[in-house]
Amino acid sequence: GDQGLTWSAAGHIVTEGTWLIENSVVELPGHRLLQFFRSKLGVVFHSLAFDGGLTWTEPGRTRVQAPNSKSHLMRIQSRNRGQGGEAGQEDFLEGRMLTDGPLVIAHNDDPKLRTPLVVALSHDQGNNWRPLADVETDADLQFAYPTMLEAKGRLYIMYAVMRKDPNVKLAAIGMRGASFSL
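Residues numbered from 1 in each chain as written. Predicted model: local features only at pLDDT ≥ 70, side-chain atom pairs only at ≥ 80, totals over all residues. Heavy atoms only, no water.

Asker: I'm lost on the overall build of the chain in this one. Help?
Answerer: Helix and strand content of the chain: 0 helices and 11 strands. Helices and strands appear in the chain in the N-to-C order β-β-β-β-β-β-β-β-β-β-β. By residue count, 43% of the 182 residues in the chain fall in the buried class. A separation threshold of at least 6 residues defines the contact pool for the chain, and within that pool the share at least 24 residues apart is 45%. Carbon and sulfur atoms form 52% of the exposed surface of the chain, whose accessible area is close to 10,700 Å². (Helix = DSSP H or I, 4+ residues; strand = E, 2+ residues; numbered from the N terminus. Buried < 20%, exposed > 50% of the residue type's maximum accessible area, 1.4 Å probe, protein only. Contact = heavy atoms within 4.5 Å. Areas by Shrake-Rupley, 256 points an atom, 1.4 Å probe, with all protein chains shown as cover.)

Spelled out as structure tokens, the structure:
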């Protein structure tokens, strides 16, 4: 390879009735890719690639609610997840990314409101989700644009906090961060 000097675009994805923007991608077993998108229809949309992202399946709805707001999908990389591993153990297997750990998604669990902000967990490659954490639940505020990072057995999430303002549609309050032990 040329260490990232050469790039090529591939995999045009569109669907009728909504936009597909602000995506996240994870690798699934078998070198498949799963992509989640923001949509206008109250749910997250998904698409799969079986060829490294050159082509993608027709986008479809997931069961994950989201109010035309960005979500963030990622895979838990800790090798000892669910195996009772010791605290402080190395998080990666010889620097390789895992493709069989659970998936997590940070999203607004409502089809219309940007509250609550939650994290959900999937053990079946994104088909079914169960609640993992309520990050923010204040109905007077809005929470958006979550981004997660896993490090040393903790999940960190950063997100924007906004409030309704009579002079503008939304007023930004700033950014917040939260974390919890996996």
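Now, onward.
Asker: Please explain the nonpolar core as it appears in this structure.
Answerer: Soluble globular proteins: nonpolar side chains tend toward being buried together. Core analysis: the biggest nonpolar cluster contains 17 residues, and Val 104, Val 119, Met 148, Leu 155, Ile 157 and Tyr 159 have the highest contact counts within it. Listed by contribution, the elements that provide at least two residues to this core are β6 (103–108), β7 (117–122), β8 (130–136), β9 (142–151) and β10 (154–165). Among the elements that line this core, the one with the most residues is β10, at 4 residues. Residues Leu 28, Leu 48, Val 64 and Ala 66 belong to the second largest nonpolar core, which totals 12 residues. (Core = buried A, V, L, I, M, F, W, Y, C linked by side-chain atoms within 4.5 Å.)

Asker: Looking at this structure, how should I read the side chain of Thr 115?
Answerer: Structurally, the position occupied by Thr 115 is in the loop between β6 and β7. A distance of 3.2 Å separates a polar side-chain atom of Thr 115 from the backbone oxygen of Asp 138. For Thr 115, the residues in contact, after removing those within four places along its chain, are Asn 108, Asp 110, Glu 136, Thr 137, Asp 138, Ala 139, Leu 141 and Phe 143. (Polar contact = N/O pair within 3.5 Å; in protein donor to acceptor, adjacent residues only side chain to side chain.)

Asker: How should I be thinking about the packing of aromatic side chains in this particular structure?
Answerer: Centre-to-centre distance and the angle between the planes together describe a pair of aromatic rings. Evaluated as defined, the whole model comprises 2 aromatic pairs. Residues Phe 143 and Tyr 159 carry aromatic rings whose centres are separated by 6.2 Å and whose planes lie at 75 degrees to one another, so their mutual orientation is edge-to-face. Placement of the pair is Phe 143 in strand β9 and Tyr 159 in strand β10, with a sequence separation of 16 residues. By relative accessible area, Tyr 159 is classed as buried at 2%. When the ring centre of Trp 19 is taken as origin, the NZ or CZ atom of Lys 40, which lies over that ring, is 4.5 Å away. (Phe/Tyr/Trp six-rings, centres within 6.5 Å; stacked < 30°, edge-to-face > 60°. Lys NZ or Arg CZ within 6 Å of the ring centre and 35° of its normal.)

Asker: Honestly, the layout of surface pockets in this entry has me stumped. Any pointers?
Answerer: Where empty space is left becomes clear once a probe the size of a water molecule has been rolled over the atoms. Roughly 340 Å³ of volume is contained in the largest pocket. The class makeup of the residues in the lining of the largest pocket is 7 nonpolar, 3 polar and 6 charged. (1 Å grid on protein atoms, 1.4 Å probe; cavity = no way out; pocket = protein on both sides within 12 Å on 5 of 7 lines; lining within 4 Å. Points joined across faces, edges and corners; volume = space filled by probe spheres on them. Nonpolar A, V, L, I, M, F, W, Y, C, P; charged D, E, K, R; others polar.)

Asker: Please explain unusual backbone geometry as it appears in this structure.
Answerer: Leaving glycine aside, a negative phi is the common case for residues, and trans is the common case for peptide bonds. Residue Pro 116 is bonded to the preceding Thr 115 through a cis peptide linkage, with omega at 0 degrees. Relative to the assigned elements, Pro 116 resides in the loop between β6 and β7. Positioned with a positive phi, Tyr 145 is a non-glycine residue whose angle comes to about 55 degrees. Note that Tyr 145 resides in strand β9. Relative accessible area serves as the criterion here: at 33%, Tyr 145 is assigned to the partly exposed category.

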